[in-house]
Amino acid sequence: QVQLVESGGGLVQAGGSLRLSCAASGRTFSTYAMGWFRQAPGKEREFVAAISWSGGSTYYAESVKGRSTISRDNAKNTVYLQMNSLKPEDTAVYYCAATKFRTVVAGIADFGSWGQGTQVTVSS
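Keep in mind that what you see is a predicted model, and the values were worked out from it rather than measured.

What counts, and where the lines are drawn
Residues numbered from 1 in each chain as written. Predicted model: local features only at pLDDT ≥ 70, side-chain atom pairs only at ≥ 80, totals over all residues. Heavy atoms only, no water. Helix = DSSP H or I, 4+ residues; strand = E, 2+ residues; numbered from the N terminus. Buried < 20%, exposed > 50% of the residue type's maximum accessible area, 1.4 Å probe, protein only. Polar contact = N/O pair within 3.5 Å; in protein donor to acceptor, adjacent residues only side chain to side chain. Contact = heavy atoms within 4.5 Å. Salt bridge = Lys/Arg side-chain N within 4 Å of Asp/Glu carboxyl O. Disulfide = S-S within 2.5 Å.

Peer 1: Explain the side chain of Thr118 to me, please; I cannot follow it from the model alone.
Peer 2: Mapped onto the fold, Thr118 is located in strand E11 (residues 118-123). The class of Thr118 is buried, set by a relative accessible area of 10%. One polar contact links the side chain of Thr118 to the main-chain amide nitrogen of Gly9, over a distance of 3.2 Å. Discounting residues that sit within four places of it in the chain, Thr118 has contacts with Glu6, Ser7, Gly8, Gly9, Leu20, Ala92, Val93 and Tyr94.

Peer 1: What is the right way to read the pattern of salt bridges from this model?
Peer 2: Once their charged atoms are close, side chains differing in charge can pair, the charge on each being opposite to the other. Considering all chains together, one arrives at 4 salt bridges under this definition. With a closest N to O distance of 2.9 Å, Asp90 and Arg38 form a salt bridge. Residue Asp90 is found in the loop between strand E8 (78-83) and strand E9 (92-99), and its partner Arg38 is found in strand E4 (residues 34-39); the two are separated by 52 residues along the sequence. Each of the two residues, Asp90 as well as Arg38, counts as buried. One salt bridge in this structure joins Lys65 and Glu62, with 2.8 Å as the shortest N-O distance. For Lys65, a relative accessible area of 45% corresponds to the partly exposed category.

Peer 1: Which parts of the structure should I look at to understand the state of the cysteines?
Peer 2: Defined simply, a disulfide is a covalent bond joining two cysteines at their sulfur atoms. On inspection of all chains with the given rule, the structure shows 1 disulfide. At a sulfur-sulfur separation of 1.9 Å, the disulfide partner of Cys22 is Cys96. Its S-S torsion of approximately 40° makes the covalent link between Cys22 and Cys96 right-handed. Here Cys96 lies in strand E9 and Cys22 lies in strand E3 (residues 18-26), a separation of 74 residues in the sequence. With relative accessibility at 0%, the residue Cys22 sits in the buried group. The class of Cys96 is buried, set by a relative accessible area of 0%.

In structure tokens:
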């Protein structure tokens, strides 16, 4: 089992940037892919980005492509989500998640371990 703790959320003006972090413990971090999801009030949880076990492959939702970068530091057991040019519609609770797969996946059901989430609020 993997324990995940997100940090880095907050309140930012539209056009601003945030970097989310997710610290992992438990299973060997470098053996599994990671992902970020988000859930806005009244909406379903949706995929944001994913990264393979080595960091060599990444995949993004169209809504954040070009504005966000997912990365990982296997030496620090941490995955990051750099978000730029933030929009009010990016407001949500952001969750990191771990999958049993080594390659990039994007389905919620593919991820078995979840963090508690960090709030991102973008004001207009």
